[in-house]
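As a plain string of letters, each chain reads:
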Amino acid sequence: MKDVLIIIPAYNEEESIGALLTSITDDKEIMALADIVVVNDGSKDSTTFVARMHGALVLSHVFNLGYGAALQTGYKYAVRRGYKYVIQIDADGQHDKVNILNIHKKLTTPDELGRYPDIVIGSRFAKGGKSFYISPIKKISIEFFRKVIHNITNQQILDPTSGLQGLTRDAFLYYSQYNQFDIMYPDANMIIQMVMEGFKVVEIPSVMHERKAGVSMHSGIIKPMLYMLTMPLNIMSVFLEIRKKSRR
């Protein structure tokens, strides 16, 4: 069995996931080190059919449980199958396949002190990264969560909402356990939690593209507003829980 599992959470991505899977499976270097699992989060379209037609293993939720729940299903599978690393990418094609090898290299390279990262975040804002148009509201929210993370952890994270991440077994084993991972919006709150728990979190430049089809989970007006209301509460909950644990 290979050391790396690529987890692709998907909800109604029949128009995008085929091209994404083709780009990955056509790359011999990636396929030499990684297996792929698509976690279908209760899609109402043909996401599962398209993913299987492109050779992917598909794990399906009967109902739509949320982005974080799809990721956690992937983590649980990775734990049970004994993978050493997980690299998670979105099904909409925004994350270029080149990021997979870059993240794997970072996960397996020690720093000057001989310590390996536990979580590697692909950042479109890091020097050398490539991004696409981001709405003013999204820019404001990203800047806000940058400051919150820095104020709480004293660590600078440029892309706190990036879904492009690599994790070691220690990290995804932690996430796979009950009540240790946000099954709805695992963003800045999870970064804060992991840094405060002593995990090493780093960023590397990433290449991202504009979504060509489908609908973002943060589309419209209500969803972004709900996110902006929920995330600060989740961050506060994480902060207080870890502070409580440290006093025991």
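Structure report, in brief. Numbers given for residues are sequential positions, taken from 1 along each chain in its written order. Residue-level local features of this predicted model are given only where pLDDT is at least 70; pairs of side-chain atoms are given and counted only at 80 or more, and the full residue set underlies all totals for whole chains, interfaces and linings. Here the side-chain values reflect all heavy atoms present in the structure, with hydrogen atoms and water set aside.

### Here we look at the overall build of the protein
Point 1. Starting at the N terminus, helices and strands are each numbered in turn, a helix being any DSSP run of H or I of at least four residues and a strand any DSSP run of E of at least two. A tally of helices and strands in the protein yields 9 helices and 7 strands.
Point 2. Throughout, the radius of gyration refers to the C-alpha atoms, and the reference size of a globule is 2.2 Å times the residue count to the power 0.38. Here the protein has a C-alpha radius of gyration of 17 Å; the compact-globule value for 248 residues is 18 Å, and the two agree.
Point 3. Over its C-alpha atoms, taken along the principal directions, the protein stretches across nearly 50 × 45 × 35 Å.
Point 4. Per-residue burial over the protein gives 50% buried out of 248 residues.
Point 5. Working rule for contacts: check all heavy atoms of both residues, and any pair within 4.5 Å makes them a contact. Long-range contacts, defined here as pairs at least 24 residues apart, represent 75% of the contacts in the protein between residues at least 6 apart.
Point 6. A 1.4 Å probe and the Shrake-Rupley method give the accessible areas. Residues count as covered only by the protein chains that appear here. For the protein, the accessible surface area stands at approximately 12600 Å², while carbon and sulfur atoms represent 57% of it.
Point 7. Positive and negative side-chain charges in the protein, numbering 29 and 25 respectively, have mean positions lying 4 Å apart. For the exposure calls, accessible area comes from a 1.4 Å probe over protein chains only, and a residue counts as buried if that area is under 20% of its type's maximum, exposed if over 50%, partly exposed in between. Counting rule for charge: Lys and Arg are taken as positive, Asp and Glu as negative, and neither His nor the chain ends is counted. Lys charges are placed at NZ, Arg charges at CZ, Asp charges at CG and Glu charges at CD.

### Describing the nonpolar core
As a rule of thumb, soluble globular proteins bury nonpolar side chains together.
Point 1. Think of a nonpolar core as a cluster: buried Ala, Val, Leu, Ile, Met, Phe, Trp, Tyr and Cys residues, connected wherever their side-chain atoms sit within 4.5 Å. Core analysis: the biggest nonpolar cluster contains 38 residues, and Tyr75 and Tyr175 have the highest contact counts within it.
Point 2. Listed by contribution, the elements that provide at least two residues to this core are strand 1 (4-10), strand 2 (34-41), helix 4 (67-81), strand 5 (119-123), helix 6 (136-153), helix 7 (169-176), helix 8 (188-196) and helix 9 (222-247).
Point 3. When sequence neighbours within four positions are dropped, the list of residues in contact with Tyr175 reads Gln72, Tyr75, Ile119, Leu167, Gln180, Phe181, Met190 and Met194.

### Structural notes on unusual backbone geometry
Peptide bonds are trans in most cases, and residues, glycine excluded, mostly fall at negative phi.
Point 1. With a phi angle near 55 degrees, Asn12 is a residue other than glycine that sits in the positive phi range.
Point 2. For Asn12, the position within the fold is in the loop between strand 1 and helix 1 (17-25).
Point 3. One non-glycine residue, Asn154, lies in positive phi territory at about 65 degrees.
Point 4. Relative to the assigned elements, Asn154 resides in the loop between helix 6 and strand 6 (165-168).

### Focus: empty space enclosed by the protein
Point 1. Points on a 1 Å grid over protein atoms alone make up a cavity when a 1.4 Å probe fits among them but cannot get out, and a pocket when they form an open set with protein on both sides within 12 Å along at least five of seven lines; lining residues each have an atom within 4 Å of a point. Grid points are joined across faces, edges and corners, and a volume is the space filled by probe spheres set on the points. For the coordinates displayed, the defined rule picks out 1 cavity of 30 Å³ or more.
Point 2. In this structure, the largest cavity spans a volume of roughly 130 Å³.
Point 3. Taken together, 17 residues make up the lining of the largest cavity; nearest its centre are Gln88, Gln165, Tyr175, Pro186 and Met190.
Point 4. Those elements that place two or more of their residues in the lining of the largest cavity are helix 4, strand 5 and helix 8.
Point 5. All amino acids are sorted into three groups, where Ala, Val, Leu, Ile, Met, Phe, Trp, Tyr, Cys and Pro are nonpolar, Asp, Glu, Lys and Arg are charged, and the leftover types, Gly among them, are polar. Broken down by class, the residue content of the lining of the largest cavity amounts to 12 nonpolar, 4 polar and 1 charged.

### Quick notes on the pattern of salt bridges
Point 1. What makes a salt bridge here is a side-chain nitrogen of Lys or Arg within 4 Å of a carboxyl oxygen of Asp or Glu, nothing more. Scanning the model with the defined rule gives 6 salt bridges in all.
Point 2. A salt bridge links Lys2 to Asp35; its shortest N-O distance comes to 3.7 Å. On the criterion of sequence distance, the pair formed by Lys2 in the segment before strand 1 and Asp35 in strand 2 is long-range, its members being 33 residues apart.
Point 3. Among the residues examined, Asp35 registers a relative accessible area of 22% and is labelled partly exposed.
Point 4. With its nearest N and O atoms 3.8 Å apart, the salt bridge here joins Asp118 to Arg115.
Point 5. According to the relative accessible area criterion, Asp118 is buried, its value standing at 12%.
Point 6. Judged by relative accessible area, Arg115 falls into the partly exposed class, the value being 40%.

### Some points on the sheet that holds strand 3 (residues 57-61)
Point 1. The rule for pairing is simple: two strands pair if DSSP sees at least two bridges between them. The sheet built from 7 strands is open, its strands ordered 3-2-1-4-6-5-7 with mixed pairing. The two strands at the open ends of the sheet, each matched to only one other strand, are strand 3 and strand 7 (201-205). Between one strand axis and the next, the sheet turns by 20 degrees as a mean value, whatever way the strands run.
Point 2. Across the sheet, helix 1 touches strand 1 and strand 2, and the angle it forms with strand 1 is around 170 degrees. For helices, the axis comes from a line fit to the C-alpha atoms of the stretch in contact; other axes are also lines fit to C-alpha atoms, and the angle between any two N-to-C directions lies between 0 and 180 degrees.

### Quick look at the layout of surface pockets
Point 1. The space that makes up the second largest pocket amounts to roughly 450 Å³.
Point 2. Forming the walls of the second largest pocket are 18 residues, and the residues nearest its centre are Asn179, Gln180, Phe181, Gln193 and Val238.
Point 3. Elements with a contribution of two residues or more to the lining of the second largest pocket: helix 8 and helix 9.
Point 4. Of all the elements, helix 9 adds the most residues to the lining of the second largest pocket, at 6 residues.
Point 5. A per-class count over the lining of the second largest pocket returns 7 nonpolar, 7 polar and 4 charged.

### Quick look at the side chain of Asp92
Point 1. When you line up the elements, Asp92 lands in the loop between strand 4 (85-88) and helix 5 (98-107).
Point 2. Relative accessible area serves as the criterion here: at 9%, Asp92 is assigned to the buried category.
Point 3. One polar contact links the side chain of Asp92 to the main-chain amide nitrogen of Gln94, over a distance of 3.0 Å. Identification of polar contacts relies on pairs of N or O atoms within 3.5 Å, with a donor-acceptor requirement for protein atoms, meaning one able to donate a hydrogen and the other able to accept it, and with residues adjacent in sequence counted only if both atoms are side-chain atoms.

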